[in-house]
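Structural overview
One-letter residues, chain by chain:
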Amino acid sequence: MSTLRSRDNPRVKRWHALARDGRLRRDERRALIEGPHLLAACLDAGHRPEALLVSETGRGKPELAQLLRRAGLDAVVLPDALFRWVADAATPAGIAAEIGLPEAAADVARASHALFLDGVQDAGNVGALLRSAAAFGVDTAVLGRGCADPWSPKVLRAAMGAHFALRIGESPDLVAALAQFRGTLVCAVAAGGIPPHALDLCGSVGWILGAEGRGVSEALAGRAAVRAAIPLARGIESLNVAAAAAVLLYERARQLSTRGARS
C-alpha cells in the first residue's frame, strides 16, 4: 500500500472533487463510493473499482481488510484527517473506492420493468426510489432533467447499493425515452387515477413519477396508457414520491406473486 499525505496531491484533490462535483463525474464517468456496504455491493455485482482508498485507522479493521483483499487492488492509505477531507460523509467509515460509471443513456428498449423520474430534485428521494426499484424487480431507471445526480454521495448512500442492481441512465428528453419503452406506461398522479390494485400490472410496466407538488409534466403524462392514484385517507392529499413508488412497485410484485401461485 502506498500512502498520500497532502491535500495538494493531484490524486487526492481529484477524489475530493469527485465527491462534490457533478460535472466532473459526468465528464469523466467516474464517481466515489464510500463505506463497506457500497463497496461490498459493487464487488458482489462483479464490478472492479478503479482505485481503493483507506484511512490509516481503517486499514487495521478486519472487515475493511477483508474487503480490500476481495477487491484485489493495492489501496492508497490516507491519514484519517485527509480521508475525512476527501470523503463526503459526516462520519466516514474509513474506506472508499473510485468506480467507473455506465453509459449515461440507458437502453430503454431492453427494459421490462422501468422507472422514469421527472424532476425529482431531492437526493434522498432519488436514492430511496432507486432502493425500492431494486427491491421490487425494476431493471432500468431513467432520470430526466431536473433530477438529482444519481451518482452523488447522498443518492448513493440513500440507495444502499441499489445502483449495482439496476441499469441507471439520464435523459435530457424523457418523451423520447418513453417512446422507446415497449411495455405499458403508467403515470402516478395524486388524484383522479385508477387504484393500482385495479390495474393489470403483470406485464412489462414503465412507471412515470414526478416531484412532489409539481408532479409529472403533461407532456410526459400524455404518453402514459393509464394514470394510477393510491387511495388515501380523507384529508391527506398525497404521499412522498418515494413512498408512493414503493406502494406501486409492491402492488406489481403482489400481483405477480398471486398469479404465480394460481398457475
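This text goes with the structure placed above it.
This section reports on the structure supplied with the text.

Thresholds, definitions, all that
Residues numbered from 1 in each chain as written. Predicted model: local features only at pLDDT ≥ 70, side-chain atom pairs only at ≥ 80, totals over all residues. Heavy atoms only, no water. Phe/Tyr/Trp six-rings, centres within 6.5 Å; stacked < 30°, edge-to-face > 60°. Helix = DSSP H or I, 4+ residues; strand = E, 2+ residues; numbered from the N terminus. Buried < 20%, exposed > 50% of the residue type's maximum accessible area, 1.4 Å probe, protein only. Contact = heavy atoms within 4.5 Å.

All right, on to the packing of aromatic side chains then. Per the counting criterion, the structure on display carries 2 aromatic pairs. Both rings, one in Phe116 and one in Phe181, keep their centres 5.9 Å apart while their planes meet at 80°; by these two values the pair is edge-to-face. Note that Phe116 is positioned in strand 6 (residues 113–118) and Phe181 in the loop between helix 8 (174–180) and strand 9 (184–188), a separation of 65 residues in sequence. Under the relative-accessibility criterion, Phe181 is labelled buried at 6%. Aromatic pair Phe136 and Tyr250: ring centres 6.1 Å apart, planes at 75°, arrangement edge-to-face. Taken as a pair, Phe136 in the loop between helix 6 (123–135) and strand 7 (140–143) and Tyr250 in helix 10 (residues 241–262) lie far apart in primary sequence, 114 residues in all.

Turning our eyes to something else, we now look at the environment of Ile168. Mapped onto the fold, Ile168 is located in strand 8 (residues 167–170). Once the C-alpha coordinates of Ile168 and Asn9 are considered, the two residues, 159 residues apart in sequence, prove to be 32 Å apart. Sequence-distant contacts of Ile168, that is, excluding residues within four places in its chain, are made with Pro102, Glu103, Ala104, Ala106, Leu130, Ala141, Leu143, Pro150 and His163.

Functional significance is not addressed by these values, which are geometric in nature.
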